[in-house]
Amino acid sequence: MTDAQLIDGKVFAARLRNTIADTVNWLGSEHNLVPGLAVLMVGDDPASQIYTRNKAKQSTAAGMTSLHEQLPTETSQVAVLKKIEALNNDLSINGILVQLPLPDQMDSDIVIDTIAPTKDVDGFHLLNAGRLVTGRNGLTPCTPQGCLILLKETLGDLEGANAVIVGRSNIVGKPIAQLLLRENCTVTVAHSRTRNLAELCRRADILVAAVGRPEMIRGGWIRPGAAVIDVGINRIVGPDNTTRLVGDVAFSEAVQIAGAITPVPGGVGPMTVACLLANCVRVTCQQHGLPEPELWPAT
Ligand code: GUN
């Protein structure tokens, strides 16, 4: 059997970023508007530092303004809420993102729900989560949106496909389930207590791995020809003490069985940031009563 088609997230993300940069250019020249993104992190988690720096850097590269703030781990929740409220009221800021996870002394639900829903570019606010579940127009979480674009670009119409999602987080598993339901897939959400997980995965035309466990999904769990989207980014230490990034799927096994598969890195990751920029352009247009730009051709 030939190896699976590689779903190159870098290529699709670059295309999306180009369209975004053109739209940002148009907003500046026609409407004198520059989308502004605020990226807030609390603490010094090294992975979060890399992610937030990258988000701020890429928004600037697309012609937006970005405010990147890192607050000390011991910052109180009240101080974070005050900061968010100031950003909510700041007209130069169109989108606000608070990087997760937050330190233990904070209630992430309270923090997220303090972000103005109109500026919630992560789509995590209760109102946007509710809109997604009820099929209404709202802001969609970036990683799930990126996965959906990759799937539609690879498979075209998803109607009727059996989709199995391994992982039920609010950030990835649950929202991707909603997006795939909206595409008329038959969706199963599996998790750590699911029985006969391997057997369930083998029934999937579309398998989304979002569990955060390195290489947990083995080649033998994959239906021949299935599309596999690997959301995991796990850093593992090899026998020679070097570290490398692996996904939640055992790639070297899966690539021999799947029909199409995302690599790690270079699959879903680049799409997350591109979709964040897209959301930032969307909210800027919404806040100024402009029609929503077409940033991705409907496939
Ligand atoms: N932590 C892991 N993924 C994400 C994300 O997409 N957004 C935020 N804010 N935090 C995260």
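Residues numbered from 1 in each chain as written. Predicted model: local features only at pLDDT ≥ 70, side-chain atom pairs only at ≥ 80, totals over all residues. Heavy atoms only, no water.

Peer 1: What's the story with the sheet that holds strand β3 (residues 65-71) in this structure? I'm lost.
Peer 2: Backbone-to-backbone hydrogen bonds pair the strands of a sheet. The strands run either parallel or antiparallel. Spatially, β3-β2-β4 is the arrangement adopted by the three strands of the open sheet, whose pairing is parallel. Whereas interior strands pair on both sides, the edge strands pair on one side only; in this sheet they are β3 and β4 (95-98). In this sheet, adjacent strand axes meet at a mean angle of 15° when their direction is disregarded. Judged from the four bridges that link them, strand β2 (residues 36-42) and β4 form a sheet pairing that is parallel. Its bridge partner lying in β4, A38 is registered against I96. Its contacts with the sheet put helix α2 (residues 46-61) on β2, β3 and β4, and the angle it makes with β2 is roughly 170°. (Pairing = 2+ DSSP bridges. Helix = DSSP H or I, 4+ residues; strand = E, 2+ residues; numbered from the N terminus. Axes fitted to C-alpha atoms, helices over the stretch in contact; angles between N-to-C directions. Contact = heavy atoms within 4.5 Å.)

Peer 1: It is not clear to me how the sheet that holds strand β1 (residues 5-6) should be interpreted in this structure. Could you clarify?
Peer 2: Reading across the sheet, the six strands line up as β1-β11-β8-β7-β5-β6 and stay open at both edges, with parallel pairing between neighbours. One side of each edge strand has no neighbouring strand; the edge strands of this open sheet are β1 and β6 (186-190). Contacting β5 (162-166), β6 and β7 (206-209), helix α7 (residues 173-182) runs over the sheet at an angle of about 170° to β5.

Peer 1: How should the nonpolar core be read in this particular structure?
Peer 2: Counting residues in each nonpolar core, the largest one holds 53 residues, and the members touching the most others are I20, L180 and I229. Elements with a contribution of two residues or more to this core: α1 (9-31), β2, α6 (142-155), β5, α7, β7, β8 (227-230) and α10 (268-287). Among the elements that take part in this core, α10 stands out by supplying 11 residues, more than any other. I229 has contacts with I7, C147, L150, L151, L207, V208, A209, T262 and V268, leaving out every residue within four places of it along the chain. Core analysis: the second largest hydrophobic core is formed by 21 residues, A4, V164, I222 and A254 among them. (Core = buried A, V, L, I, M, F, W, Y, C linked by side-chain atoms within 4.5 Å. Buried < 20%, exposed > 50% of the residue type's maximum accessible area, 1.4 Å probe, protein only.)

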